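Fold and contact review
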2 protein chains.
Amino acid sequence: MIIALAQINPVIGDVAGNCRKMRTFIDRARSAGAALVVFPELAVPGYPPKDLLRKPNFIAAGVAAVEALAEDTRGGPAMLVGFACRNEQPIGRGLRNAMGLLQHGRLTDEFYKSLLPTYDVFDEHRYFEPVERAKVVDLEVGDEHIRIGITICEDLWNDKRIIERRLYHRNPMEELTQAGAEVIINASASPFAVDKGAFREQLLGGQAAAKRLPLMFVNQVGGNDELIFDGASCVFDAQGRVVSRARAFEEDLLVVDWDHLHNARRESYPDAVTSVWDALILGTRDYLDKCGFKEAVLGLSGGIDSALTACLAVEALGADRVHGIAMPSRYSSDHSVKDAEDLALNLGIDFKLIPIKEMHDVFENRLAPLFQGKPPDITEENLQARIRGNILMALSNKFGWLLLTTGNKSELAVGYCTLYGDMCGGLAVISDVPKTMVYHLARHYNVQVGREVIPDSTLTKMPSAELRPNQHDQQTLPDYDILDAILHNYIEEEESAEDIISRGFDEGVVRDVIRKVDLNEYKRKQAATGLKVTSRAFGVGRRMPIAARIS
Amino acid sequence: MIIALAQINPVIGDVAGNCRKMRTFIDRARSAGAALVVFPELAVPGYPPKDLLRKPNFIAAGVAAVEALAEDTRGGPAMLVGFACRNEQPIGRGLRNAMGLLQHGRLTDEFYKSLLPTYDVFDEHRYFEPVERAKVVDLEVGDEHIRIGITICEDLWNDKRIIERRLYHRNPMEELTQAGAEVIINASASPFAVDKGAFREQLLGGQAAAKRLPLMFVNQVGGNDELIFDGASCVFDAQGRVVSRARAFEEDLLVVDWDHLHNARRESYPDAVTSVWDALILGTRDYLDKCGFKEAVLGLSGGIDSALTACLAVEALGADRVHGIAMPSRYSSDHSVKDAEDLALNLGIDFKLIPIKEMHDVFENRLAPLFQGKPPDITEENLQARIRGNILMALSNKFGWLLLTTGNKSELAVGYCTLYGDMCGGLAVISDVPKTMVYHLARHYNVQVGREVIPDSTLTKMPSAELRPNQHDQQTLPDYDILDAILHNYIEEEESAEDIISRGFDEGVVRDVIRKVDLNEYKRKQAATGLKVTSRAFGVGRRMPIAARIS
């Protein structure tokens, strides 16, 4: 029997468009002789649809679209497709996270998700009622017959051998085994984080091996706001080994002939640095495409963050769709402008030089009488950043370019950035990339393209915001390798100050960093959507109070 | 028996400070001869603690604080106090939303929440495991004995007679009745929305009457980020009638002598307009206090929104802590500056005039070559708003004043506001107040203070952003009474375009308004925290995708 896993990139909310896309995959699956084609979790609305799920019309449109898709199964392959439907029970949340089985022109059965993730970026208890017991389906195709156990994403994330705390009281894999499943399907929308790909395969493979059942995992691909779905759908044999794998970070149709598994295609999954790189490109491209932007603009300071962001934008969009703007102030060094211009030249992007001196002067003069007797402080620094933000937004407004912010995760963590200044923009491309990883990615890019696109001087000079004379980041912050290690332990590992100090870090430094992280929640509240690439990003997956006193 | 309901205003995260505050209430309860004092839901961490709950040290500190509080119960009243504790079961989410019973110097029992709200602004499934069955406690004080059924907030929000869809499969009130409860306690953190107070009393009174059991409801009070808790704790008799009520919108200790209920204090709950007014003042004051700000600054345009915000700020903080800044541009009318200045004079606040003409000119000149051949559009308007934002933030940074934004809900809904311009600020005081309600509140204030604080010309002139010559809001938007009605139906009632059109609104207008609401999600993503006063505010209770195509 041939089964096709259709790893598609849906647009959130675009039921009609997503179904059109599915039909092209169905055609390809049919040509490949597939008996069944499987789409990801909530493929019809796209994942995550968030509060669009609260619109009854939207739910009805999805159900109608599924019924229309069923028409395509007359004489063609059967389909399993993810959608949201009403919970027909009178009590409980109003919706189900469902997979519909479509065959012989009809929606013949529905399968509902059992385990609803409600942590990190996930809010499924907000919308869905879990089913009480997972169920199997007997699929007959010609002479062949197979009993399939159907699971949806989180349903398999309850393996007590590798999940630290079991959140759920049930194990759908157990239920399906008892019901006589011969093969397991897992339809997912499992977002990317660095190093998660291998963990996910270990977990799914472990579930397959434990029950000695082959398993087919089909994942969504594409960027949806902060989340990037990496695809890499795969097939595990009954020993839990990956026998076939789709491409990562792009759409793919993985056709699996169960009688000739030794011939199955097995794409490689990229290494850590490459996977982050690929994720950022996909996330950036999809954000622009799905929002309807054709071009992007960003400020080029001559520093490493804006250089990396520009490279990512060019890889995502093409050089002719990216505009780089240098806006030197009286504190900018000559090499900064040169580095920015060299970068733009190397990338082949539009470059504009808009010095801010005049605007800076007129603001300062106007504010001088009000500020009399007050020493210069962060105010004067922010003023410049906000003048730049105003210029970039004027270009964005006038030409319809999406403004990309260029701040990294380390800065955003400790508030080393200006609200309404360098934080202006619609998408924060590298706001989940720690500064040390910024350097890795920048060097990776120069190596990949085989030339010095990012100028060596950008890579080697001391980081500086250049907002006052002779400023350097390390006048305010610890060395980035120390800062990033502390931040990793505090934010991603969720360790306490005491835990981190016990790892050998200086107590004063640790407490100062944590204090800064906590204090700057108000800036992050107003930050642009930032692409998530680590296990815990700022944004929707980390929900902190602002008016708080954290002891 | 005398029972005291301690309606406190905790600071999120401030375990030590919250317990200090509780001790002052315990002392008052003891002086009043109380046998039991009851605090609100999660009083120790404050509600909602959000992801602070993910910190094991924070949970441990709360538990230790509860154990220390227990010392105070030697010879004094017993206590019921809300806190978060670990779920000792090996499976399930790691925490419980608990009430601890403290008596004779010890934490003698714990009661866990059954129903966990996970909708609107609530995320309790993210943190807590529900208890399987609600339980009662036999409290003995001297010769007296009472069997109390303990519930936490949502536990009683499952009344099938008035809740449209029953979300929960259980009814804790039923369980407690079966267990022989003689009285019900409900410890809550129930946030304010206009018209919710009466609904809440109807619901709780209905639960009491259905089981013929008296019910004591103790609510949190105070502003925590967007949420404002209105207090108004109350006692229902077994017929479901309110026999005693604490004050709304301030701390209070409601002492109830069950043997002399006819003497019980019963404060009135304010009417709709007054309740919104009181809520905004409490929310503003607490946001500043809890963030550690002493003073506030805001732009005064001469229009109704900034005038109302200034009045609220003065009532919340005092006139000496509020700074009003007028920043006329070349398009500002003379009366705008005069209205702004009159308002400041009437309120007795600091007033500064900072014309933006020079800055506007220098930006325009600098951008002119880039914009050659392009007609003026929204770009030129936003430029001015962002110059003003920069000035206000410079004052905020230099003097440590919190910048208040002045935009209303109608504007924020349709994007009639400038990101990084008039949207700059730490707190959006009236961002959940529709424009029509802005007028009600403004007139209400003038009536209350008995003089024309808000100039009549501000109240009667046509609304205008004054960002281009002869601009008026209604060149872009429908009349505000129509706009607000459509917005109410779309956002708060969550109706579809078809539903709203069927109410008799013009189809073109409805579709245009909805399109604008959907398109401007990206602006709201970066908006300041806004005080919630309606049943659905923008912000944490309305989670929409940005990169989406909503059919």
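Residues numbered from 1 in each chain as written. Chains lettered and ligands numbered in written order. Predicted model: local features only at pLDDT ≥ 70, side-chain atom pairs only at ≥ 80, totals over all residues. Heavy atoms only, no water.

Next up on the list: the pattern of salt bridges. Residue and element names in this part refer to chain A. A complete count under the given rule lists 102 salt bridges over all chains for this structure. Residue arginine 330 pairs with aspartate 361 through a salt bridge whose shortest N-O separation is 2.9 Å. With arginine 330 in the loop between β16 (322-326) and α7 (334-347) and aspartate 361 in helix α8 (residues 357-371), this residue pair connects regions lying 31 residues apart in the sequence. Look at aspartate 361 and you get partly exposed, because its relative accessible area is 22%. (Salt bridge = Lys/Arg side-chain N within 4 Å of Asp/Glu carboxyl O. Helix = DSSP H or I, 4+ residues; strand = E, 2+ residues; numbered from the N terminus. Buried < 20%, exposed > 50% of the residue type's maximum accessible area, 1.4 Å probe, protein only.)

What follows covers the relation of the copies chain A and chain B. It takes a turn of 180° to lay chain A on chain B, together with a shift of 0.0 Å along the axis; the resulting RMSD is 0.0 Å. Both copies are brought into coincidence by an operation consistent with a two-fold rotation axis. Within chain A, the C-alpha atom positioned nearest to the axis of rotation is that of glutamine 526 of chain A, 2.1 Å from it. The fraction of interface residues of chain A whose copies in chain B are also interface residues reaches 100%, indicating that both copies meet through the same surface. (Least-squares fit on C-alpha atoms with pLDDT ≥ 70 in both. Contact = heavy atoms within 4.5 Å.)

The next subject is empty space enclosed by the protein. Residues and elements named next belong to chain A. Under the definition given, this model contains 14 cavities of 30 Å³ or more. Put simply, the second largest cavity is a space of about 130 Å³. In this structure, the second largest cavity is lined by Thr405, Gly407, Asn408, Glu411, Leu412, Cys417, Asp422, Met423, Ala428, Ser431, Ala527 and Ala528. (1 Å grid on protein atoms, 1.4 Å probe; cavity = no way out; pocket = protein on both sides within 12 Å on 5 of 7 lines; lining within 4 Å. Points joined across faces, edges and corners; volume = space filled by probe spheres on them.)

Right, let's talk about the interface of chain A and chain B for a bit. Contact with chain A, which involves 92 residues of that partner, is made by 92 residues of chain B. Looking at the side of chain A facing chain B, the largest losses of area belong to Arg126, Lys398 and Arg549 of chain A, adding up to 9% of the total buried there. Where chain A meets chain B, there are twelve salt bridges. Linking chain A with chain B are 52 residue pairs in polar contact (both at pLDDT 80 or more), by the criterion used here. Of all the secondary structure elements, the ones that give two or more residues to the side of chain A that touches chain B are α5 (272-291), α8 and α9 (378-399) of chain A. At 14 residues, the largest contribution of residues to the side of chain A that touches chain B is made by α9 of chain A. Per-class residue counts for the side of chain A that touches chain B are 42 nonpolar, 20 polar and 30 charged. (Buried area = accessible area lost by both parts, 1.4 Å probe. Polar contact = N/O pair within 3.5 Å; in protein donor to acceptor, adjacent residues only side chain to side chain. Nonpolar A, V, L, I, M, F, W, Y, C, P; charged D, E, K, R; others polar.)

Moving on: unusual backbone geometry. Residue and element names in this part refer to chain A. At the junction of tyrosine 47 and proline 48, the peptide bond is cis and its omega measures out at 0° in the coordinates. Within the secondary structure layout, proline 48 lies in the loop between β2 (36-38) and α2 (56-70). Although it is not a glycine, arginine 212 sits at a positive phi angle of roughly 55°. Backbone geometry places phenylalanine 249, a non-glycine residue, at a positive phi of 65°. Within the secondary structure, phenylalanine 249 is located in the loop between β13 (242-245) and β14 (252-257).

Attention shifts here to the sheet that holds β2 of chain A. All names here are of chain A. Pairing within the open sheet is mixed, and its six strands lie in the order β5-β4-β3-β2-β1-β14. Edge positions in the sheet fall to β5 (106-112) and β14, since each of these pairs with one other strand and no more. Each neighbouring strand pair of the sheet contributes to a mean axis angle of 30°, computed without reference to strand direction. Inspection of the sheet shows β2 paired to strand β3 (residues 78-86) by three bridges, in the parallel sense. Bridged to valine 37 within β3 is methionine 79. The sheet strands contacting helix α1 (residues 15-31) are β1 (2-7), β2, β3 and β14, and the helix crosses β14 at an angle near 30°. (Pairing = 2+ DSSP bridges. Axes fitted to C-alpha atoms, helices over the stretch in contact; angles between N-to-C directions.)

Here we come to the state of the cysteines. Inspection of every chain in the model, using the stated rule, returns zero disulfides over all chains. Free cysteine cysteine 291 of chain A: the closest other cysteine sulfur is in cysteine 424 of chain A, separated by 17 Å. Classification of cysteine 291 of chain A as partly exposed rests on a relative accessible area of 27%. Free of any disulfide, cysteine 19 of chain B has its nearest cysteine sulfur in cysteine 85 of chain B, 15 Å distant. For cysteine 19 of chain B, a relative accessible area of 4% corresponds to the buried category. (Disulfide = S-S within 2.5 Å.)

With that out of the way, let us pick up the confidence of the model for chain A. The predicted model of chain A averages 96 in pLDDT, with 100% of residues at 70 or higher. Note on the complex model: pTM 0.97, ipTM 0.96. (pLDDT = per-residue confidence, 0-100.)

As a further point, take the pairing of strand β3 (residues 78-86) of chain B. All names here are of chain B. Within β3, eight of the nine residues are buried, which leaves the element mostly enclosed by the surrounding structure. Taken together, the eight bridges between β3 and strand β4 (residues 95-103) define a ladder with antiparallel strand orientation. Bridging across to β4, arginine 86 finds its partner in leucine 95.

Residue and element names in this part refer to chain B. The terminal C-alpha atoms of helix α8 (residues 357-371) lie 19 Å apart, and with 15 residues this matches the ideal 21 Å at 1.5 Å per residue to within 8%. Its axis deflected by about 30° at asparagine 365, α8 carries its strongest bend there, up to four residues before the proline proline 369. Residues Met359, His360, Val362, Phe363, Leu367 and Phe371 constitute the buried set of α8. Among the residues trailing α8, glycine 373 stands out with phi positive, at a value near 85°. (Expected span 1.5 Å × (residues − 1). Bend = angle between axes of the 7 residues up to and from the residue.)

Glancing now at the side chain of serine 306 of chain A. All names here are of chain A. Secondary-structure assignment places serine 306 in helix α6 (residues 304-317). Of the polar contacts made by the side chain of serine 306, one reaches the backbone nitrogen of serine 301; its length is 3.1 Å. Those residues in contact with serine 306 that sit more than four places away from it in its chain are Leu298, Gly299, Leu300, Ser301 and Thr406.

Residue and element names in this part refer to chain A. Evaluation of the coordinates by the stated rule reveals 20 aromatic pairs over all chains. Residues phenylalanine 399 and tryptophan 401 carry aromatic rings whose centres are separated by 4.8 Å and whose planes lie at 20° to one another, so their mutual orientation is stacked. Accessibility expressed as a relative area gives 26% for phenylalanine 399, which makes it partly exposed. Through a chain of ring-to-ring contacts, three or more aromatic side chains come together here, namely Phe192, Phe249 and Tyr269. Taking NZ or CZ as reference, lysine 409 lies 5.9 Å from the ring centre of phenylalanine 538, over its face. (Phe/Tyr/Trp six-rings, centres within 6.5 Å; stacked < 30°, edge-to-face > 60°. Lys NZ or Arg CZ within 6 Å of the ring centre and 35° of its normal.)

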